Amino acid sequence: MAQLEHIEAIEKRLWSAADTLRANSNYASNEYFLPVMGLVFLRHAYSRYLAVKDKIEANLPTRGGKTRALTKEDFSQQSAIFLQPRAQFDYLVALPDSEDHANALVEAMESIERDYQNLQGVLPKSEYEELDNDVIGQLLRTLNPDELKRVSGDVFGRIYEYFLTQFADQKAHDAGEFFTPVSLVSLIAHVLDPEGGTVLDPACGSGGMFVQSARIVEEHGQNPTDRLTFRGLEKNATTIRLAKMNLAVHGLEGDIQKAITYYEDPHELLGKADFVMANPPFNVDEIDADKVKTDPRLPFGLPGVNKKDKVSNGNYVWISYFYSYLNERGRAGFVMSSQASSAGGGEAKVRQKLVGTGDVDVMIAIRSNFFYTRTVPCELWFLNRDKPEAHRDKVLMIDARNVYRKVTRKICDFSPEQRRNLLAMVWLYRGQTEKYLDLVSGYCRHTIEEGAGCFSSEDESGESIQPLPDFVAALDALSDIIQPFLDTLADDALHAEVQKELTEALPAFYADVKAFRHAIAEHEAAWKQQKTTNGDLKQAVDRLASLAESSRDLIRQTDLLYKLASRLIETCEKECDAKQSDAWVSRDVIRVRKTADGARQLVVEQLKQVRYFWRQAHWLTERFPEAELCDVEGLVRLVDRAEIEANDWSLTPGRYVGVAPEEVDEDFDFEETLRDIHVELEDLNNEAVKLAATIKTNFEELGI
């Protein structure tokens, strides 16, 4: 079981603790976020420092019996920050309560700024002086939980992004515009695949585009600091600090300039950028037309001017700028309002000229609720100045509005697998069939591995667990703990019917578990001989369907058995006066029942993974049976320029791909749906409490 699968709960707990402490400070949320992000920055930097320190020390040169001291260059080569002893998180956490925590943090930040000139004046320092000493101590301890010391991977990178997300959701700074959802940034970065060169983000916010670009290079096994040069523009000074911290914490550097991109171009990258990535403000109508009308970054002219001599809508100013920054082989990927792809008037004329270049490559429609501060749908645009001749008059249209997962009542995103499935269509479009086949193969392999994980796995702390055997053992323990009391009851007592149902269900479950284990062994053996041609992989997907179905059946049986056992316990207590009997030890029954429920939850989640990965493989092979790009109703279509012209030069994917057929959800879970409704109700109740508190405060301030 992957360690990061359970980080979500830790993220939420850390955020809740940090947010609660705000009540003990003089800061509002828009002032509190920077000192908190500074601490998350320090903890993330320390995590990366520890992750590479041993490897660096093992390779340090030795001369005359003396080993060279660590330097910041050693850590930069490993995408990490060198930390002086007093800037290391363990030192700060260990400080006694009597110490001046604010002063210690200022010294830590200053030591980092001395070593890294690009962070000079960037890290929060004076902000800590406004926080109570005890509050800082609590924050340090909150961000240093024991369970995170045992996990591997870029966990604090995720937590850093999660905190940015939460502050964006609170509109704590710049209306949340400093943050683009990670799932969208990751999709943009993977479609662009920036292996090397200059990456420009003219509206860089907190720098997420740069971080995801670097991860692409790392996925290719190379060092992003050697391969990529980052250039950014941002109008807000505080956001620039966030961006520089975000880069630094990932061991990256970039030249981020304070500028209003509409009127300034300090990097002078016209026609020079290898990659442009951005999420600009949507539908801006305050751009001074006189100031930009002769700008060389508008090769297609102004999109339209209103009566106030302002550009009617800034979307196509941004699009034109992105295009003009690209060199002759450059590629761009950016987020844009869904209004832009079919806008009329002057915007349609600009769009016609853009399509006429042949450089519009891919359009992806995204449903609403992907953003934390905007509910509107959007589209991802991709331009390519070096498209193959066969594609010059074509645009790949993908309607991903039906591809999403719900994070909360208000927020959606892509799961990693959904992102990869969308990316697979781009691979097929580009003729990268091997990547597609590797993805299908990986899903098949994961299906088998997750099945094996039902019998032997690891929890988030690395401890060995056996989900299915543990659940069987928990059922046996539950049976053993209540059997002495059952032996005191008559055969026709009120418990008899449910006991009979449980007794009859157990043998079938045990037999199915045994058959499932045997099937996994057969699939593991077969996979060792598996060929990865498209035909062979399709056969593998078909072959694994039975394993996926078995996992679904076992989930139903697992839930049923626990319900029957729970019903038997409740019947004994409520109808048979079990609690009055010496043969019934309530404390032990509660403990064993709780253990059984925990085992049930673990095994259900593990079994779900088996079918989940099989469904990903099936989703792809069902839609692209020949491992070639083809039209899929409601999802994807390669459209030529003549059809685009016939549709008023619209670049809206839904206009071309048609309507997706309604799918029957075979895995519909009534109880899970009820749980989702309960969560939604809980969210609404929490919002109501917060709103009531705000109203009360406002009334008090008004003296009412």
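Being a predicted model, the structure only gives us computed values, none of them experimental.

Cut-offs used in this document
Residues numbered from 1 in each chain as written. Predicted model: local features only at pLDDT ≥ 70, side-chain atom pairs only at ≥ 80, totals over all residues. Heavy atoms only, no water. Helix = DSSP H or I, 4+ residues; strand = E, 2+ residues; numbered from the N terminus. Buried < 20%, exposed > 50% of the residue type's maximum accessible area, 1.4 Å probe, protein only. Contact = heavy atoms within 4.5 Å. Areas by Shrake-Rupley, 256 points an atom, 1.4 Å probe, with all protein chains shown as cover. Polar contact = N/O pair within 3.5 Å; in protein donor to acceptor, adjacent residues only side chain to side chain. Axes fitted to C-alpha atoms, helices over the stretch in contact; angles between N-to-C directions. Parallel < 35°, antiparallel > 145°, perpendicular 65-115°, else oblique. Nonpolar A, V, L, I, M, F, W, Y, C, P; charged D, E, K, R; others polar. Salt bridge = Lys/Arg side-chain N within 4 Å of Asp/Glu carboxyl O. Phe/Tyr/Trp six-rings, centres within 6.5 Å; stacked < 30°, edge-to-face > 60°. Lys NZ or Arg CZ within 6 Å of the ring centre and 35° of its normal. Patch = residues over 30% accessible without salt bridge, like charges linked within 9 Å, V, L, I, M, F, W, Y side chains within 5 Å. Lys, Arg positive; Asp, Glu negative; His and termini not counted. Charge placed at Lys NZ, Arg CZ, Asp CG, Glu CD. Pairing = 2+ DSSP bridges. Expected span 1.5 Å × (residues − 1). Bend = angle between axes of the 7 residues up to and from the residue.

K.L.:
Would you mind going over the overall build of the protein chain with me for this structure?
P.N.:
Assigned secondary structure in the protein chain consists of 23 helices and 15 strands. Across the 704 residues of the protein chain, 50% fall into the buried class. Here the analysis covers contacts within the protein chain between residues at least 6 apart in sequence; of these, 75% occur between residues at least 24 apart. For the protein chain, the exposed area adds up to about 32700 Å²; of that, 47% sits on carbon and sulfur atoms.

K.L.:
In this structure, what is going on with the side chain of histidine 391? I would like to understand it.
P.N.:
Relative to the helices and strands, histidine 391 is located in the loop between strand 9 (378-384) and strand 10 (394-399). A distance of 3.4 Å separates a polar atom in the side chain of histidine 391 from the backbone oxygen of tyrosine 429.

K.L.:
It is not clear to me how the packing of helix 5 (residues 101-115) against helix 6 (residues 133-142) should be interpreted in this structure. Could you clarify?
P.N.:
Working note: a packed helix pair is described by the angle between its axes plus the distance between those axes. Viewed as axis vectors pointing N to C, helix 5 and helix 6 meet at an angle of 55°, and their least axial separation amounts to 8 Å. Between helix 5 and helix 6, the interaxial angle falls into the category oblique. Here His101, Ala102 and Leu105 of helix 5 come into contact with helix 6, specifically with Asn133, Ile136, Gly137 and Leu140. Across the contact of helix 5 with helix 6, the residue classes tally to four nonpolar, three polar and no charged.

K.L.:
Where do I start with the pattern of salt bridges in this structure?
P.N.:
Between side chains of opposite charge, a pair can form when the charged atoms approach closely. Under the definition given, this model contains 29 salt bridges. The partner of aspartate 290 in a salt bridge is lysine 293, and the shortest N-O contact between them spans 3.4 Å. Its relative accessible area of 49% is what places aspartate 290 among the partly exposed residues. Given the relative accessible area of 51%, lysine 293 is considered exposed. A salt bridge links arginine 401 to aspartate 399, with the nearest nitrogen and oxygen atoms 2.6 Å apart. Assessed through its relative accessible area of 41%, arginine 401 is described here as partly exposed.

K.L.:
Any chance you could explain the packing of aromatic side chains here in plain terms?
P.N.:
Each aromatic ring pair is specified by the distance between its two centres and by the angle formed by the two planes. A complete count under the given rule lists 18 aromatic pairs for this structure. Their ring planes at 50° and their centres at 4.8 Å tell us that phenylalanine 322 and phenylalanine 334 sit as a pair that is tilted. Placement of phenylalanine 322 in helix 13 (residues 315-325) and of phenylalanine 334 in strand 7 (residues 326-337) is noted, with a sequence separation of twelve residues between them. Grouping residues by exposure puts phenylalanine 322 and phenylalanine 334 together as buried. Seen in terms of ring centroids, phenylalanine 485 and tryptophan 584 are 5.4 Å apart; in terms of plane orientation they differ by 80°. Their pairing is edge-to-face. Taken together, the residues span a long stretch of sequence, with phenylalanine 485 in helix 17 (residues 467-486) and tryptophan 584 in the loop between helix 19 (534-575) and helix 20 (586-623) at a distance of 99 residues. The pair formed by phenylalanine 485 and tryptophan 584 is uniform in burial state, with each residue classed as buried. One cation-aromatic arrangement involves lysine 72 over tyrosine 116; the distance from NZ or CZ to the ring centre is 5.2 Å.

K.L.:
How do you make sense of a negative patch on the surface when you look at a structure like this?
P.N.:
Together, Glu99, Asp100, Glu107, Glu110, Glu129 and Glu130 give the surface a local cluster of negative charge. Structurally, the position occupied by glutamate 110 is in helix 5. Looking at glutamate 110, the relative accessible area reads 33%, which means it is partly exposed.

K.L.:
Explain unusual backbone geometry here, please?
P.N.:
The bulk of non-glycine residues show a negative phi, and the bulk of peptide bonds are trans. In this structure, aspartate 193 takes a positive phi of about 55° despite not being glycine. Its place among the elements puts aspartate 193 in the loop between helix 8 (182-192) and strand 3 (197-201). A positive phi angle, close to 60°, is found at aspartate 648, a residue other than glycine. For aspartate 648, the location among the structural elements is in the loop between helix 21 (641-646) and helix 22 (654-657). Of the residues examined, aspartate 648 reaches a relative accessible area of 53% and is grouped as exposed.

K.L.:
Just to check I follow, could you spell out the pairing of strand 3 for this structure?
P.N.:
Looking along a regular strand, one sees the side chains alternate between the two faces of the sheet. For strand 3, a buried count of four out of five residues is recorded, marking the element as mostly surrounded by other parts of the structure. In terms of strand pairing, strand 3 meets strand 6 (residues 273-278) through two bridges, oriented parallel. Bridged to valine 199 within strand 6 is phenylalanine 275.

K.L.:
Whenever I open this one, helix 19 confuses me. Can you help?
P.N.:
Side chains of residues three or four places apart in an α-helix project in the same direction, reflecting 3.6 residues per turn. A rise of 1.5 Å per residue sets the reference length of helix 19, with its 42 residues, at 62 Å; its end C-alpha atoms lie 60 Å apart and thus fit the reference within 8%. Along helix 19, the sharpest kink reaches roughly 30°, centred on leucine 544. Residue aspartate 577 follows helix 19 closely and has a positive phi angle near 55°.

K.L.:
What is the right way to look at the sheet that holds strand 9 in this model?
P.N.:
Strands pair in a sheet through their backbones, by hydrogen bonds, and they do so in one of two ways: parallel or antiparallel. The strand order across the open sheet formed by nine strands is 5-4-3-6-7-9-8-10-15, and the pairing between neighbours is mixed. Single-partner strands in this sheet number two, and they are strand 5 (254-258) and strand 15 (636-640). Recorded for the sheet is a direction-independent mean angle of 15° between the axes of neighbouring strands. Taken together, the five bridges between strand 4 (residues 228-234) and strand 5 define a ladder with parallel strand orientation. Following the sheet pairing, leucine 233 is matched in strand 5 by glutamine 257.

K.L.:
I would appreciate a short explanation of helix 13 in the present structure.
P.N.:
With eleven of its eleven residues buried, helix 13 lies for the most part within the structure. Inspection of helix 13 places Asn315, Tyr316, Val317, Trp318, Ile319, Ser320, Tyr321, Phe322, Tyr323, Ser324 and Tyr325 among the buried residues, and these make up the whole buried set.

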